[in-house]
Amino acid sequence: MFSNYFRVAFRSFRHNKLFSLINIGGLAIGISAALVIYLIVQYEFSFDKFHKDGDRIYRVVSEMKFPDLTIENSGVPAPTSQAVREEATGLDLVTHFNTAWELKVSVPIPGNQSPAVFRKQKEIIYADKYYFEMFPYQWLAGSPKTALKDPFQVVLTESRAKTYFSALKPSEIIGREIYYDDTIKTMVAGVVKDMDKVTDFIFKEFISKATIDVTGWKEQWGLEEWGSITSASQMFVKLSKGASTSKIEQQLVSIREKYRSKDKEKGFTKKDDMKHMLQPITDIHFNNKYDAFSRRQAHLPTLYGLLAVAAFLLLLGCINFINLTTAQSSQRAKEIGIRKTMGSGKGQLIFQFLSETFLLTFLATLVSVALTPLLLNIFKDFIPEGISFTSLNQPHVWVFLLVLLLIVSALAGFYPALVLTKFKPVTVLKNQAYTGSAQSRKAWLRKTLTVTQFVIAQFLIIATLVVSKQINYSLNKDLGYKREAIVTVNTPRNFFSKEVDNRRFVLLEKLKAIPGIEKVSLAGSSPASSNTHTNTMKYEKADKSIMETMVEVKYADTGYFNLYGMKLVAGRNVEASDTTREYVINESLAKMIGHQNSADAVGEFLGEEKRKFLVVGVISDFHTKSTHEPIKPLLYSAASDQSFTLHLALKPKVGNSDSWKETLAMVEKEYKTIYPEEDFKFNFYDESISAFYKTEQNITRLLKWSSGLCIFISCLGLLGLAIYVTNTRTKEIGVRKVLGASVVQIVSLLSKDFIALVMIAFVIVLPLAWWAMHNWLQDFVYRTALSWWIFGATGFGMVLIAMLILSVRTIRAATENPVRSLRSE
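Predicted, not measured: the structure shown is a model, and the values here were computed from it.

**Q** In this structure, what is going on with the pairing of strand β12 (residues 233-239)? I would like to understand it.
**A** Within a regular strand, side chains alternate between the sheet's two faces. Along β12, 7 of the 7 residues are buried, which leaves the element largely enclosed by surrounding structure. Looking at chain direction, strand β3 (residues 91-99) and β12 are connected through 7 bridges and run antiparallel. Pairing of Thr 95 across the sheet is with Phe 236, part of β12.

Next up, the structure:
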């Protein structure tokens, strides 16, 4: 029986090759997109789902509120973990660790005076002895109970151990020495297997946190500072079964207030506005308010958008199938009548047509699997590194494809099967398959589905244009500074060697002598940077009341503002200094402290608890972040002890010369002379600005492909319907030509109904798209306008595309010889 079903299905495909190819093409595109999107979404949502008791593990994060802004930080004051461990109830486990900067690692080689040196090693943390209880690893050597208990111990992952001791077994590595930054001597106390699960915990080396307590790093890390907070100080807790997160958060507030009030030496005698909250471990990968250790976080709205795109493309493929199948139903009416006369039941016929749909969908699935590597390559910049074609070998992928195959077969095939099996044998065999009402119902359904297709396609086109317009606006907006032909070079910072730190001044002088450099500055970060350094600043008002706010602090030398073309609107520039002595503030900060006229802010004093400094100038507001965020209060200090970035303004290129390349080669030569052991890296500033909008750029790219595929699938369906209509109206066209109708009149007659459907779709999508994109733009403080031409161009363009697609068939039908179409009459 089943073999007969499939034999009949193949026979049907052979008789309707063109329509079968259109259906397979539409479904294949939808299934391919769904498969790739499934791989992405499944990968992103699988982060850190494997931890034992993961539903009870939380990261403690911080939130600081001020009258004018709220600041979120993924860290906690360093002493918090010990106090919570001793005093809080409802917790099974508390662990704390500090993420490290890039460290130089030296590994002594027996019999060799020179150690193996690994510069700028990453993925290193200082972990307490509870870390491996919270996050169990498979141990290859050593014991989790003693590995991080004492100072100067380190645990390595298997991959890092092979990097340092490639010829040794894990058990042979125990007791070997490793030096960090030439100053910290540690001993390997354990080797663990790398995590083979999808996780944000990418650490490779675990130095005992007790090491910080007995070195000069204790003060640097602020291990006893309740008033200091950094995202490097990470704290995780495991709740007891049945414990309430709200009660734990209340205890965190009480503990902080208890110890904060004791810290009178710093002047912190009153309650502050910092509070700690619990963040689920699975939320770390998605919540961009707080840092993730892997430095790559998923964007939930984008993931939901991807799911919507997959649903749209699958829906369009199913709509094509339904439209073309119901349109051709009259051609199979006699077949159905004969089958019913011979005794076939309705259930058997439905199964027959569903099997045809299943087989066609199965072929589309095979095509989609073949297309997947191509799609993965096209979107390789957008797709996470953990996804590749080998991901298809996972069992859950094939389960997904099977489920998708069954769902698509049911969605696409069930309604056409019902329509086809409703034919009555008597009326069918008399060529009276359809009554007028039945025919109009079918036509109404096809029109509704066609309108739906073009609503989706036009919505995506409008979204693409709006997102592209906003990105163009953001990248070309006057941000308050120059950004072209500026290069930044970071110099190394060494807390243990003043001589190494001072080399940057030597390099600065050497760079001034390079002909291709127009201006050079030694300062902190660029005007717009992903790094943010903020301090609590206090200002005494005229009524003696104290205003307190969080202010971003940047560092500049005397040439910084000129290099970036930043405007000084009042007062003067900062004067050279090795420490903070005075401030230049922005207009927003001037207004915040009550001065609408910027000049009135000059001469005021701002500062922290016991240190206040004179405001000597005011610069015009500029954007320090993307246009998503408002311009916030900011000040500049000339403290050279915080300035480790060289800013180079290159001379303009002449024609297509390689002058910039030559200049940067000279910069690298001087850099390597001063820092022979360091890698030379530089960044063009305009590229750094562009990186702020990477998410939006990825969305634009996704929308372009999605709208293109939607248009393609919709037009395939439109072409199929046009072919069907012209085939069924062949004799009518012949009669009209004999009676004198022109080609233009016939093309217009055949096309007008389809064009009307496209225009109806435009009317429907207009308010929907405006509402959706208006809401999307609200995420930007500085945003472009929703221009009328975006909607006009979309509607006109879609009508034009539809006319071109229809003309492929209608012009051919209108120009055929009427004698051939009327020969049988």
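**Q** I'm lost on the packing of aromatic side chains in this one. Help?
**A** Note on aromatic pairs: each is described by the distance of the centres and the angle between the planes. In total, this model carries 34 aromatic pairs according to the counting rule given. Look at Tyr 560 and Tyr 564: their rings are 5.1 Å apart centre to centre, the planes differ by 50°, and that puts the pair in the tilted class. Note that Tyr 560 and Tyr 564 are positioned in helix α17 (residues 560-564) at a spacing of 4 residues, about one turn of the helix. On the numbers, 5.4 Å between centres and 75° between planes, the contact of Tyr 564 with Tyr 685 is edge-to-face. Taken together, the residues Tyr 564 in helix α17 and Tyr 685 in helix α20 (residues 685-691) connect sequence positions 121 residues apart. Taking the relative accessible area as the measure of exposure, Tyr 564 reaches 0% and is therefore buried. Members of the aromatic cluster, each reached through a chain of ring pairs, are Phe 97, Tyr 131, Phe 132, Phe 135, Tyr 137, Trp 139, Phe 201, Phe 203, Phe 206 and Phe 236.

**Q** Looking at this model, I keep getting lost on the pattern of salt bridges. Mind explaining?
**A** Between side chains of opposite charge, a pair can form as their charged atoms come close. According to the stated counting rule, one finds 24 salt bridges in the structure shown. Here Glu 677 and Lys 104 are joined by a salt bridge, their closest N and O atoms 3.7 Å apart. One end of the pair, Glu 677, is in the loop between α19 (659-674) and β24 (683-684); the other, Lys 104, is in strand β4 (residues 103-109), and 573 residues separate them in sequence. Members of the salt-bridge network, linked through shared partners, are Asp 53, Arg 56, Asp 92 and Lys 238.

**Q** Explain the confidence of the model for the protein to me, please; I cannot follow it from the model alone.
**A** Note that predicted coordinates carrying low pLDDT should not be read in detail. Taken residue by residue, the protein gives an average pLDDT of 83. The fraction at 70 or more is 87%. The least confident element of the protein, judged by mean pLDDT, is helix α14 (residues 425-429) at 54; the most confident is strand β8 (residues 153-157) at 95. The low-confidence segment residues 264-270 (pLDDT under 50) makes 12 contacts with residues lying over four places distant or belonging to another chain. Predicted confidence is poor over residues 432-438, with pLDDT under 50, and the contacts of this stretch with residues over four places away or in other chains come to 11 contacts.

**Q** What exactly am I supposed to notice about unusual backbone geometry here?
**A** Across the chain, the bulk of peptide bonds are trans and the bulk of non-glycine residues have phi less than zero. For Phe 152, which is not glycine, the phi torsion reads 65° and is therefore positive. Residue placement: Phe 152 occurs in the loop between β7 (139-142) and β8. The phi angle at Asp 182 is positive, at roughly 65°, despite the residue not being glycine.

**Q** I tried to follow the sheet that holds β24 on my own but got confused; where do I start?
**A** Paired through backbone hydrogen bonds, the strands of a sheet run either parallel or antiparallel to each other. Here 4 strands make up an open sheet; going across it, the order is β15-β23-β14-β24 and the pairing antiparallel. The sheet is open, and its two borders are formed by β15 (517-523) and β24, each paired with just one other strand. As paired elements, strand β14 (residues 486-490) and β24 share 2 bridges and run antiparallel to each other. Its bridge partner being in β24, Thr 488 is matched across the sheet by Asn 683. Strand contacts of helix α16 (residues 498-512): β15 and β23 (645-650), with the helix running at about 165° to β15, the strand carrying the most contacts.

About the cut-offs
- Residues numbered from 1 in each chain as written.
- Predicted model: local features only at pLDDT ≥ 70, side-chain atom pairs only at ≥ 80, totals over all residues.
- Heavy atoms only, no water.
- Buried < 20%, exposed > 50% of the residue type's maximum accessible area, 1.4 Å probe, protein only.
- Helix = DSSP H or I, 4+ residues; strand = E, 2+ residues; numbered from the N terminus.
- Pairing = 2+ DSSP bridges.
- Phe/Tyr/Trp six-rings, centres within 6.5 Å; stacked < 30°, edge-to-face > 60°.
- Salt bridge = Lys/Arg side-chain N within 4 Å of Asp/Glu carboxyl O.
- pLDDT = per-residue confidence, 0-100.
- Contact = heavy atoms within 4.5 Å.
- Axes fitted to C-alpha atoms, helices over the stretch in contact; angles between N-to-C directions.

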